[in-house]
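Listed here are the chains, written in short residue letters.
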Amino acid sequence: MFVSEPKSRRVFDLKKKDAVHISLKYAPFFIAFWAVLYLSIVRSQVDRLPKPLYRVDEHINPESFIAERAEITLIGLTSIGPRVVGSVANEVTVLKFLLNEIEKIRTESSDYFKFEIDIQEATGNYVHWSMINMYQSIQNVIVKLSAKNSSSGNYVLINSHYDTVPSSPGAGDDGSMVAIMLEVMRVICKSKGPLEHPIVFLFNGAEENPLQASHAFITQHKWAKNCKALINLDAAGNGGREILFQSGPQHSWLMKYYRQVPHPFATCSAEEIFQAGLIPSDTDFRIFRDFGGVPGYDMAFISNGYVYHTEHDKINVLSKGSLQHTGDNVLTLAKCLANAQELNDIMQHSDGHVVFFDFLGNFIIFYTESVGIIINISICVIAIIAIGISLYTMAADSAISLKSIFSSFGASFAVQVVALAVGGGLAFLNALFMDAIGSAMSWYSQKWMFMGLYFCPLFFGMGMLPACYLEKSRKDRLFLGFRIQLLMHSHCLFLVAVTIFLTYFRIRSAYLFMMAVLFYTLALIIHLTAKCYRSVYRFGLIMMVCQILPFLYYTSLTHIIYDAMVPMAGRSGLSSNPEIFMCGIAIFVTILFAGFIIPLLLFFRKVRVLFSTFLIVTFLFIIIALTPLGFPYRAKTASQRYALIHAHRIIHDADKTTRVKESGIYVFPQDRNVKILNENTKSIGQKHLVSDYCAKEMLCGMPFYNHRWYKARDFSFWIPVEEDPYIPEEAPILVLLSSNQLVDPFQINYEFELNGPDHMTIFIDLTDQGRIIDWSFNETMIRENWQPPYFIYFSWGKTGRPLKFTILVEVCIGNNET
């Protein structure tokens, strides 16, 4: 009887404390605190660029990268205009420009260095994606810079490409990197070293074809076998900060030198996203890695991807600060690698993949994948132990059994998981709804739309269900702060499970979830050590303080992801639904940055009113998306992408008679909004789905530019027109030179000759029952029994010699034709 009296008095005291809520009027200040953090710190840091240096600054910065010099070089390069493989601009004019710039640098260089300049002209082929990629007489400009006293046979390779897609001046992609390479070369050459290993500057003449010139260098050039480390420079946008999105592989020591750059911007999550094929692009890094085994860095501009591969990719939208940012980093890396002892035996230093990420561009954190596994598991174990101690403390302080605590914890875990599912489900349903009503991509030029369309329904779902649960369980013997802690423990345990799952499958991006677990566990340990179990204010303050750093990191990552991925949605194709993809990003990052902040709102009175406000905001943004304000495109700055090709197609039967001869407009949509595209093209004529022709003709009988166009055949159109296109060059001419029956009576060897413009595609298939058993093309498709029709992409650069090829066909008995 004596023991039960204090217990009942304790329960009464706890219920009194359970009534301690914070007034709802303070909730806006709580939300504003996080908003101000994002706007004042994240936005300024993510978009921060260094102060550019001018030529007048050179006398006090003699060994520094000068952005103004790089800009002047870029102006000269882009004034040439589009530089397409096979054009005079790309094969003659640019070479003269580059050689002139290189000669200026050579004449100003110190006596410490030796210059070697080579113009490579190469022919070759390889399998890339789902096609044979053939090239003839493509060109590279290559400079080897070495110390006169150097005897090292290990070189550093720095690569960028000077060719462009048709119609684009290519200031961002990739003229900016060419100009940066030239300025880096100039700065190094004016110094006195040291330079233990030579640097090879590869000015790549055929990257957009795709990736042909890098293949030519790494498989054929005399210096290729000596290249032991790589800095690849490319662009998927125009300006901003260049991101290191691929490193290695298997060489963590590279990050030791990247740590020395003045403006770090890197994450292995970008590497995993890119290598998963979620980015509709590729870089020369793949070729150097796969065909040469050269480890290194892959770096690119990702901001302002709206102008990528368009006529708007001009120098007037590229800031000097961007040139300074990249130039400083590349100069540092070039010097570091050129004196790195690891180049003497890189295989000895192949120690596995690396986890790496920067914090707001201030510093870089990296460790090997194996160390990452240990860190992830250790943090998760500590988190579980801390939660266990917290549960025990709750039981002791509340004078209830551990069984009851674990029962409440189980219920809280279920509520938290369901809340995450509800929030994610609401956002997902909204994504489907926006697409279904024809308002896809309303955020394309206005990223602030994401807040209302996807983040607000997430906040509502993640908060409303726990709020209702706390209201229903208010008679529970547990103090309100303890019940909210149980919800936060549940979220931590959920993150622990995800971290262990990702770690098991060796996904390095598990570090993102581990960090959330780490900072929550830190807050929990401080909370337990301070013994302020039932103090609402102390508990909330500790959690807020410990969430500041992860909030800054996760929201900066959110900003970067959307900055890169939103413009890419404009060229991801009609088949993909960008609403779902962007919604998925919102769900992912919200779980990380808001998972421990939303529960803190539960301390406020009438919090369900607050969470209902998020739902109201969602409805308002849906209405905005339906108005002209929700129109996704803006002229020049965020225009809709689609390709219109005025083509003339002639299809012959086997007896050489002409079956089809017509002109038309080939329409290749590149985003989801085909309705807007239809409005813009309806005056041309009657559209027909390309797929309607596929059953009758090989590869639909259409002028597919590359394999990506063929893959999009179900979403592309053909509009027959009367007017024939203007074709400045002769059309391709394919001639059968001979057809010889071999000793085996059922095998025939065909010899062909192809003449034509600098870009052509060859489609090969068989009629009747026959099979190709050999040909003069790359043998991979035949050796691995790829299914026809076969796609061969062919281009030539400096000279267009006829392409001769042979095909050996085995004809089944009873068939005489192929």
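This one's a predicted model, so the numbers in the text were calculated from it and none came from an experiment.

(A) A look at the packing of helix α3 (residues 67–78) against helix α10 (residues 320–337). Direction vectors running N to C along α3 and α10 enclose 110°, while the axes themselves pass 9 Å from each other. The orientation of α3 with respect to α10, classified from their angle, is roughly perpendicular. Seen along the crossing, α3 lies across α10 with a hand that is right-handed. Here Ala67, Glu68, Ala70 and Glu71 of α3 lie close against α10, whose contacting residues are Lys320, Leu323 and Gln324. Split into classes, the residues belonging to the contact of α3 with α10 amount to 3 nonpolar, 1 polar and 3 charged.

(B) Spatial organisation of the sheet that holds strand β11 (residues 658–669). A sheet is described by the order of its strands in space; here 4 strands give the open sequence β10-β11-β13-β12, paired in antiparallel fashion. Each edge of the sheet is formed by a strand with only one pairing partner; in this case those strands are β10 (642–652) and β12 (688–689). Pairing analysis gives 5 bridges linking β11 to strand β13 (residues 717–721), with the strands arranged antiparallel. Bridge pairing links Tyr666 to Trp718 in β13. Relative to β10, helix α19 (residues 674–681) is tilted by about 70°, and along the sheet it contacts β10, β11 and β13.

(C) Representation of the pattern of salt bridges. Within the structure shown, the criterion is met by 29 salt bridges. Arg55 is the salt-bridge partner of Glu68, the closest N and O atoms lying 3.4 Å from each other. Taken together, the positions of Glu68 in helix α3 and Arg55 in the loop between α2 (27–46) and α3 put the pair 13 residues apart, joining distant regions of the chain. As a salt-bridge pair, Glu779 and Arg783 come within 3.1 Å of each other at their nearest N and O atoms. One network of salt bridges, in which partners are shared, links Glu58, Arg69, Glu183, Arg186 and Lys190.

(D) The arrangement of the pairing of strand β7 (residues 296–301) in detail. Extensive coverage of β7 is indicated by the burial of 6 of its 6 residues. Across 6 bridges, the pairing between strand β6 (residues 242–248) and β7 is antiparallel. Opposite Leu244, over in β7, you have Met299 as the bridge partner.

(E) Molecular detail of helix α4 (residues 88–108). Helix length check: α4 (21 residues) gives 30 Å between terminal C-alpha atoms against 30 Å at 1.5 Å per residue, within 8%. Largest kink in α4: about 30°, centred on Val94. Those residues of α4 that fall on the buried side of the exposure criterion are Ala89, Asn90, Glu91, Val94, Leu95, Phe97, Leu98, Glu101, Ile102 and Ile105. Tucked inside the fold, the buried residues of α4 contact α3, β1 (113–128), β2 (131–147), α5 (171–189) and β4 (199–204).

(F) Local environment of the nonpolar core. Ranked by internal contacts, the top residues of the largest apolar core, which has 191 residues, are Phe203 and Trp443. Top element by residues in this core is helix α16 (residues 536–569). It accounts for 18 residues. With residues near it in sequence (within four places) discarded, Trp443 still touches Met449, Phe450, Leu453, Tyr454, Val566, Ala569, Pro578, Glu579 and Met582. In this structure, Ala122, Ala216, Ile218 and Cys227 belong to the second largest nonpolar core, which totals 24 residues.

(G) Inspection of the state of the cysteines at higher detail. Scanning all chains against the criterion turns up 1 disulfide. For Cys694, the disulfide goes to Cys700, at an S-S distance of 1.8 Å. Here the S-S torsion is close to 85°, and the disulfide linking Cys694 with Cys700 is therefore right-handed. Classification of Cys694 by relative accessible area gives partly exposed; the value is 24%.

(H) Just the layout of surface pockets, in detail. Approximately 900 Å³ is the volume found for the second largest pocket. Taken together, 28 residues make up the lining of the second largest pocket; nearest its centre are Tyr38, Met451, Phe455, Phe459 and Phe593. Elements with a minimum of two residues in the lining of the second largest pocket: α2, α13 (449–472), α16 and α18 (607–626). Counted by class, the lining of the second largest pocket contains 22 nonpolar, 3 polar and 3 charged residues.

(I) Examining a nonpolar patch on the surface more closely. A grouping of Ile377, Val381, Ile385, Ile389 and Ile500 is seen on the molecular surface, where their side chains present a nonpolar patch of about 400 Å² in accessible area. Broken down by element, the residue count for the nonpolar patch peaks at 4 residues, all from helix α11 (residues 369–398). As for its position among the elements, Ile385 is in helix α11. When its relative accessible area of 48% is taken as the criterion, Ile385 is described as partly exposed.

(J) Expanded view of the environment of Thr219. For Thr219, the position within the fold is in helix α6 (residues 212–220). Overall, Thr219 belongs to the partly exposed group, its relative accessible area being 38%. Spatially, the C-alpha atoms of Thr219 and Phe291 are 7.0 Å apart, while their sequence positions differ by 72 residues. Apart from residues no more than four positions distant in its own chain, Thr219 is found in contact with Tyr135 and Phe291. A distance of 2.5 Å separates a polar side-chain atom of Thr219 from the backbone oxygen of His215.

(K) Representation of α10 in the model. The terminal C-alpha atoms of α10 lie 25 Å apart, and with 18 residues this matches the ideal 26 Å at 1.5 Å per residue to within 8%. A large share of α10 lies buried, amounting to 16 of its 18 residues.

(L) Spotlight on the environment of Cys546. Residue placement: Cys546 occurs in helix α16. Spatially, the C-alpha atom of Cys546 lies 9.8 Å from that of Leu518, the residues being 28 residues apart in sequence. Setting aside residues no more than four positions away along its own chain, Cys546 makes contact with Phe519, Leu522, Ala523 and Ile526.

(M) Expanded view of the packing of aromatic side chains. Going through the model one piece at a time under the given rule, you end up with 44 aromatic pairs. Here the aromatic rings of Phe357 and Tyr511 are separated by 4.3 Å at their centres, their planes lie at 5°, and the arrangement is stacked. Placement of Phe357 in strand β8 (residues 354–359) and of Tyr511 in helix α15 (residues 510–530) is noted, with a sequence separation of 154 residues between them. The exposure class of Phe357 is buried, given its relative accessible area of 6%.

(N) Molecular detail of the sheet that holds strand β17 (residues 770–775). Strand order in this open sheet of 4 strands is β14-β15-β19-β17, and the pairing throughout is antiparallel. The two strands at the open ends of the sheet, each matched to only one other strand, are β14 (733–741) and β17. Pairs of neighbouring strands in the sheet enclose a mean axial angle of 30°, with direction left out of account. As judged from the 8 bridges shared by β14 and strand β15 (residues 747–755), these two strands associate in the antiparallel manner. By the bridge assignment for β15, Val735 is matched with Glu753.

(O) Highlighting the packing of α11 against helix α14 (residues 480–504). It is the contact of α11 with α14, at a shortest axis distance of 10 Å, that shows an interaxial angle of 160°. On the basis of the axis angle, α11 is roughly antiparallel to α14. Crossing of α11 over α14 shows left-handed handedness. Mapping the contact onto sequence places Ile373, Asn376, Ile377, Cys380, Ala383, Ile384, Ile387, Ser390, Leu391, Met394, Asp397 and Ser398 in α11 and Phe482, Gln485, Leu486, His489, Cys492, Leu493, Val496, Thr499, Ile500 and Thr503 in α14. When the residues that make up the contact of α11 with α14 are grouped by side-chain class, the tally is 14 nonpolar, 7 polar and 1 charged.

Analysis parameters
- Residues numbered from 1 in each chain as written.
- Predicted model: local features only at pLDDT ≥ 70, side-chain atom pairs only at ≥ 80, totals over all residues.
- Heavy atoms only, no water.
- Axes fitted to C-alpha atoms, helices over the stretch in contact; angles between N-to-C directions.
- Helix = DSSP H or I, 4+ residues; strand = E, 2+ residues; numbered from the N terminus.
- Parallel < 35°, antiparallel > 145°, perpendicular 65-115°, else oblique.
- Left-handed = near helix turned anticlockwise from the far one by under 90°.
- Contact = heavy atoms within 4.5 Å.
- Nonpolar A, V, L, I, M, F, W, Y, C, P; charged D, E, K, R; others polar.
- Pairing = 2+ DSSP bridges.
- Salt bridge = Lys/Arg side-chain N within 4 Å of Asp/Glu carboxyl O.
- Buried < 20%, exposed > 50% of the residue type's maximum accessible area, 1.4 Å probe, protein only.
- Expected span 1.5 Å × (residues − 1).
- Bend = angle between axes of the 7 residues up to and from the residue.
- Core = buried A, V, L, I, M, F, W, Y, C linked by side-chain atoms within 4.5 Å.
- Disulfide = S-S within 2.5 Å.
- 1 Å grid on protein atoms, 1.4 Å probe; cavity = no way out; pocket = protein on both sides within 12 Å on 5 of 7 lines; lining within 4 Å.
- Points joined across faces, edges and corners; volume = space filled by probe spheres on them.
- Patch = residues over 30% accessible without salt bridge, like charges linked within 9 Å, V, L, I, M, F, W, Y side chains within 5 Å.
- Areas by Shrake-Rupley, 256 points an atom, 1.4 Å probe, with all protein chains shown as cover.
- Polar contact = N/O pair within 3.5 Å; in protein donor to acceptor, adjacent residues only side chain to side chain.
- Phe/Tyr/Trp six-rings, centres within 6.5 Å; stacked < 30°, edge-to-face > 60°.

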